[in-house]
Amino acid sequence: MPAITVDDILVLPRVPEPDVTGVERKVTSVTTAPSGYEGEGFPVRRAFAGVDLARLDPFIHMDQMGEVDYGPGEPKGTPWHPHRGFETVTYIIDGTFKHQDSNGGGGLITDGDTQWMTAGSGLLHIEAPPEELVVSGGLFHGFQLWVNLPARLKMTDPRYQDIRAGQVALLTSADGGALLRVIAGSFDGHDGPGITHTPISLVHATVSAGAQVRLPWQADFNALGYVLAGSGFVGPDRRPVQMGQLAVFGAGNAITFAASAGQDLDILLLGGQPIREPVAAYGPFVMNTRAELVQAFEDYQAGRLGSIPAEPHPGHDVL
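Figured I'd write up the structure that's included with this text. Predicted model only: the values in this text are computed from it and were never measured.

1. Observations concerning the packing of aromatic side chains
Logical step 1: This structure, assessed with the given rule, holds seven aromatic pairs.
Logical step 2: Between Phe187 and Trp217 the ring centres are 5.9 Å apart and the planes differ by 50 degrees, which places this aromatic pair in the tilted class. In this pair, Phe187 sits in strand β16 (residues 186–187) while Trp217 sits in the loop between β19 (212–216) and β20 (223–229), placing the two residues 30 residues apart along the sequence. The exposure classification of Phe187 matches that of Trp217, with both residues buried.
Logical step 3: Joined through ring pairs, the aromatic side chains of Tyr70, Phe97 and Phe140 make up one cluster.
Logical step 4: The cationic tip of Arg238 hangs over the ring face of Phe233; the distance from NZ or CZ to the ring centre is 4.3 Å.

This is the structure in C-alpha cells:
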C-alpha cells in the first residue's frame, strides 16, 4: 500500500499505552462486508452491512473501493449526483480519483490523500478517474465514509477540505510495532488535519506481522476497526479478523488489535461521538425526518442544490 509511510517509524512520536486502570473495550461483533458495485460500476465492499445503525453512530455508511487492478479503458467513477445532511470522507490508498462539486470544491486525490466534503445544505458532485488513468488502467483502492451531521448542522454551508498525504499526523505505537496515520482526531496531543463538524477519530494503522497495539480511545466515542488488508486479532479475547471484516468494540477507553504472525495488518480505526438523533436516510440524503427527505428531493428536482458547472470546449473561447 503506497499510502504515506516513513523509512524508519522508530523516529516518530510514540503513543503511550493506556495505564493498567484503563477499561479494555471488548469486541461485540465481527461482520464480513458483502461485495457490490457503485456509481458506473466500480467494485466496492459494503463495510457496515448488517450492523445496527445505533452501533455505528455518528457514521452512516462506508464503502471500501477496490482493491482492483483495472485494464486500459476499465476505470469507472460516479455520475453527477446530490447530497444533503452529512459529510463524505474519501481516502485514496492506491490510484487517483478526481472530485468536482457545484460549490467550487474539487481536485485530484491520490496515494494517501483525503478529500473531506461537507454536503450540509446540499450540493451536486462527481467522482471519477482522470482521463489518463482511464487510458492506462492501473491499481485503485480506497474508501469513502459518510459522517452524519446533527440536526442543528444539517443545513450548514457546504465545505471542501483537500488533505494531502504529507499533512497527515504520523505516529507509532508504544513499542514501534505499528505506523499510525491520523487523518482526524487527536492522540497524545498530536492532531490529524481533518476539521470535523461531528467529533471523530480516523486512523489508518499498519501493524507489523506479529505485533500487538493497545491504544487509548475516548470513552465517549464509539469504536470500529475495518480490515483493509491482511489478518489479525482484535480485542482482549483476540477475535480473529481478516480483510473485508468490521469489528465493533463495546464501552471502555482502550482498544487492542494485533497482526497475524505471517503478515502485516492494515486496519482503519474509526470512532465518533454519537449524535443520538433520529436518522431518515434514503439514497444521497441523510436527514432526521421523512418530511425533510421529501423536501431534499423536491429541492434537488427544483435545482436548489446547485447546478453542474459548464465544461469548456476545446477550440472555443471561454468568457
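2. Brief notes about the nonpolar core
Logical step 1: Among the nonpolar cores identified, the biggest contains 32 residues, and Phe48, Met62 and Leu145 are the most heavily contacted of them.
Logical step 2: Looking at this core, the elements with two or more residues in it are β5 (59–70), β7 (86–94), β12 (138–148), β15 (178–184), β18 (200–207), β20, β23 (245–249) and β25 (265–272).
Logical step 3: Residues in contact with Met62, not counting those within four places in the same chain, are Arg45, Arg46, Ala47, Phe48, Phe143, Gln144, Leu145, Tyr226, Leu268 and Leu270.
Logical step 4: Counting residues in each nonpolar core, the second largest holds 28 residues, with Val207, Val227, Val241 and Phe249 among its members.

Basis of the calculations
- Residues numbered from 1 in each chain as written.
- Predicted model: local features only at pLDDT ≥ 70, side-chain atom pairs only at ≥ 80, totals over all residues.
- Heavy atoms only, no water.
- Phe/Tyr/Trp six-rings, centres within 6.5 Å; stacked < 30°, edge-to-face > 60°.
- Helix = DSSP H or I, 4+ residues; strand = E, 2+ residues; numbered from the N terminus.
- Buried < 20%, exposed > 50% of the residue type's maximum accessible area, 1.4 Å probe, protein only.
- Lys NZ or Arg CZ within 6 Å of the ring centre and 35° of its normal.
- Core = buried A, V, L, I, M, F, W, Y, C linked by side-chain atoms within 4.5 Å.
- Contact = heavy atoms within 4.5 Å.

By themselves these figures say nothing about function.
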